Amino acid sequence: EVQLVESGGGLVQAGGSLRLSCAASGFTFDDYAFGWFRQVPGKAREGVAYISNRDGNTDYADSVKGRFTISSDNAKNTVYLQMNSLKPEDTAVYYCGASHRSYSLTLVRLSVRRYDNWGQGTRVTVSS
């Protein structure tokens, strides 16, 4: 059974930091690419960050570039999203997605429809 479990969300003040985790199981972790996405009520899910375990490439949405860092620990089968300098507009439910393919274009890397499996999400609230 493919399973992704996000954790690490919470309430933080603007300017603060959080580290999200995505624990993966039920598939070959090293063969997959992973993305972090976020969603607020009434809006579509949007891509935030990408990492491929095949080639190590990473990518980010312009809105988080320089503030967020995605990483992968193959020994722990876990993907992380380090979020620094958080802003109120970062408030959302954050989801981890897994794709059995890796991609080259930023637009594709951060596209929801390219991902096969999703976690349940973890809520991040940034107060002003």
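Residues numbered from 1 in each chain as written. Predicted model: local features only at pLDDT ≥ 70, side-chain atom pairs only at ≥ 80, totals over all residues. Heavy atoms only, no water.

A closer look at unusual backbone geometry
Okay, step 1: Even without being glycine, N77 reaches a positive phi, approximately 50°.
Okay, step 2: Its place among the elements puts N77 in the loop between β7 (68-73) and β8 (78-83).
Okay, step 3: Even without being glycine, S85 reaches a positive phi, approximately 50°.
Okay, step 4: Structurally, S85 is set in the loop between β8 and β9 (92-99).
Okay, step 5: Residue S85 is classed as partly exposed on the basis of its relative accessible area, which comes to 40%. (Helix = DSSP H or I, 4+ residues; strand = E, 2+ residues; numbered from the N terminus. Buried < 20%, exposed > 50% of the residue type's maximum accessible area, 1.4 Å probe, protein only.)

As for the packing of aromatic side chains
Okay, step 1: One pass over the full model with this rule turns up seven aromatic pairs.
Okay, step 2: Judged by centre distance (6.1 Å) and plane angle (35°), the rings of F27 and F34 are tilted. Of the two residues examined, F27 and F34, each falls in the buried class.
Okay, step 3: Between F37 and W118, the aromatic rings sit 5.0 Å apart at their centres with planes inclined by 75°, giving edge-to-face as the arrangement. Of this pair, F37 sits in strand β4 (residues 33-39) while W118 is found in strand β10 (residues 117-118), placing the two residues 81 residues apart along the sequence. (Phe/Tyr/Trp six-rings, centres within 6.5 Å; stacked < 30°, edge-to-face > 60°.)

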